[in-house]
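What follows is the residue order along each chain.
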Amino acid sequence: MTELTALEQELCATAPRDYSDLRAIYINCTLKRSPEASNTQGLADRSIAIMRRLGVEVETVRAVDHEIATGVWPDMTEHGWPRDDWPAIFEQVVAADILVLLTPIWLGEKSSVCTQMIERLYGNSHLLNEAGQYAYYGRVGGCIVTGNEDGAKHCAMNVLYSLQHLGYAIPPQADSGWLGEAGPGPSYLDPGSGGPDNDFTNRNTAFLTWNLLHLARLLKDAGGFPAHGNQRTLWDAGCRFGYPNPEHRA
C-alpha cells in the first residue's frame, strides 16, 4: 500500500466525518494485464491509501484481467457471447458509493478499455433503484488519467460527462492526472519521472479523493439523491409533468 505522508495522516486523523461505512470501487482501464505494473494504478494507489486509512472498503478491478464482452446489454451471454464477466463486476459497482475510472492516454484519448467500461455501464443505466430513479443515482464518480502526452483534461472531460449522463453525481475537481514529456519518456512509476513528486498531481489527487468522500457522505446521509421530478417510473406511468403523451403511447 502507498505510504501516506505525515500531513496526510493528520488530515485523516482529523477528518470531520466518519467515512468507514462507505464503499468505493476503482476500475483500472490499463491495457496491461496483471502482473505487469500499471502506471495509472500507481497514481490511483495514492487516492486509495487515503480512503483505506479512513476505513472505506475499497475494491480494485483491472478490467483486462477479465473476459468482458463487447456490447450494451447487461449480460452479453444472452446475446451470443460465450462468456461475460461484466454482470459480476456490475454487482460490485452498484454495491459501491464511489466509482473511480482509471485510464491511460492513447493517441490523446482514454483507452479502448475505458470506452468499453463506459459502454457496459451504459448498458445497465436503464435499470431503476428502489425510488424509481435510474440505477446510478445517489452514487459519486471521478477519474484518474496518466500518459506521456497532452490530453488528461480532455480525457477527464469525456469520462466525467459520461458518468454524470448515466446518473452519477460529480463533485468539484473530480479528476486527477499526470503527464510526462511529449513523446517517448519515463512513465509515472519510472525512476526519474518526477510523477510521484509532482505538486499539481498530488494536490489534485488529494482534492479528488476528499471531494468524492464528502459528496458520498452527504448523499448517503440524505438517503440518496432526492426522488422528486426525476422518477422514470412515474414518467412511464403517465405522470409526464405537463408534457403530452406521445401518440405511439396513447
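Residues numbered from 1 in each chain as written. Predicted model: local features only at pLDDT ≥ 70, side-chain atom pairs only at ≥ 80, totals over all residues. Heavy atoms only, no water.

1. With respect to the overall build of the protein chain
Here's step 1: Regarding its fold elements, the protein chain presents seven helices and six strands.
Here's step 2: Shown N-terminal to C-terminal, the secondary structure of the protein chain runs as helices and strands in the order α-β-α-β-α-β-β-α-β-α-β-α-α.
Here's step 3: Relative to the globule expectation of 18 Å for 250 residues, the C-alpha radius of gyration of the protein chain, 19 Å, shows essentially globular dimensions.
Here's step 4: Across its three principal directions, the C-alpha atoms of the protein chain cover 65 × 45 × 30 Å.
Here's step 5: Looking at the 250 residues of the protein chain, the share that counts as buried comes to 46%.
Here's step 6: Just so you have it, the protein chain exposes about 12800 Å², and 54% of that area is on carbon and sulfur atoms. (Helix = DSSP H or I, 4+ residues; strand = E, 2+ residues; numbered from the N terminus. Rg over C-alpha atoms; globule rule 2.2 N^0.38 Å. Buried < 20%, exposed > 50% of the residue type's maximum accessible area, 1.4 Å probe, protein only. Areas by Shrake-Rupley, 256 points an atom, 1.4 Å probe, with all protein chains shown as cover.)

2. Describing the pattern of salt bridges
Here's step 1: In the structure shown here, the tally under the stated rule is ten salt bridges.
Here's step 2: Residues D236 and R232 are paired through a salt bridge, measuring 2.8 Å at the closest nitrogen-oxygen approach. Taken together, the residues span about one helical turn, with D236 and R232 both in helix 7 (residues 232–236) at a distance of four residues.
Here's step 3: Residue classification places R232 among the partly exposed residues on the basis of a relative accessible area of 30%.
Here's step 4: A single salt-bridge network, built from bridges that share partners, covers R17, D21, R217 and D221. (Salt bridge = Lys/Arg side-chain N within 4 Å of Asp/Glu carboxyl O.)

3. Some remarks on helix 2 (residues 39–53)
Here's step 1: Over its 15 residues, helix 2 extends 22 Å from the first C-alpha to the last, a length consistent with the 21 Å expected when each residue adds 1.5 Å.
Here's step 2: The sharpest bend along helix 2 comes to roughly 30°, located at D45.
Here's step 3: Summarising burial for helix 2: eleven of the 15 residues are buried, a large majority.
Here's step 4: Listed in full, the buried residues belonging to helix 2 are N39, T40, Q41, G42, L43, A44, S47, I48, A49, I50 and M51.
Here's step 5: G55 occupies a position one or two residues after helix 2 and carries a positive phi of about 90°. (Expected span 1.5 Å × (residues − 1). Bend = angle between axes of the 7 residues up to and from the residue.)

4. Section: helix 3 (residues 86–95)
Because an α-helix completes one turn every 3.6 residues, residues spaced three or four positions apart along the sequence face the same direction.
Here's step 1: When helix 3 is considered as a whole, its buried residues turn out to be W86, I89, F90 and V93. For helix 3, the angular spread of the buried residues around the axis is 105°, confining them to a single face. Projecting away from the buried face of helix 3 at angles above 90 degrees are the exposed residues A88 and E91.
Here's step 2: On the buried face of helix 3, the contacting elements are strand 1 (23–28), strand 2 (57–62) and helix 4 (112–123). (Arc of directions from axis to C-beta. Contact = heavy atoms within 4.5 Å.)

5. Describing the pairing of strand 5 (residues 140–147)
Here's step 1: Summarising burial for strand 5: eight of the eight residues are buried, a large majority.
Here's step 2: Neither face of strand 5 is exposed, since V140, G142, I144 and T146 on one face and G141, C143, V145 and G147 on the opposite face are all buried.
Here's step 3: Relative to strand 5, strand 3 (residues 98–106) runs parallel, the two being bridged by seven bridges. Looking at strand 5, one finds that I98 is bridged to V140.
Here's step 4: Bridge analysis of strand 5 against strand 6 (residues 175–179) gives five bridges, and the strand direction is parallel. Residue pairing across strands places I144 opposite S176, the latter belonging to strand 6.
Here's step 5: In this fold, the crossover linking strand 5 to strand 6 by way of helix 5 (residues 152–166) has right-handed handedness. (Pairing = 2+ DSSP bridges. Right-handed = clockwise from strand over helix to strand, strands pointing away.)

6. Re the packing of aromatic side chains
Here's step 1: For the coordinates displayed, the defined rule picks out seven aromatic pairs.
Here's step 2: Geometrically, the ring pair formed by W178 and Y188 is edge-to-face, given 5.7 Å between the ring centres and 70° between the ring planes. Of the two residues, W178 sits in strand 6 while Y188 sits in the loop between strand 6 and helix 6 (199–221), which places them ten residues apart along the sequence. Both residues of the pair, W178 and Y188, count as buried.
Here's step 3: Ring-pair connections join several aromatic residues into one group, and the members of that group are W86, F90, Y136 and Y168. (Phe/Tyr/Trp six-rings, centres within 6.5 Å; stacked < 30°, edge-to-face > 60°.)

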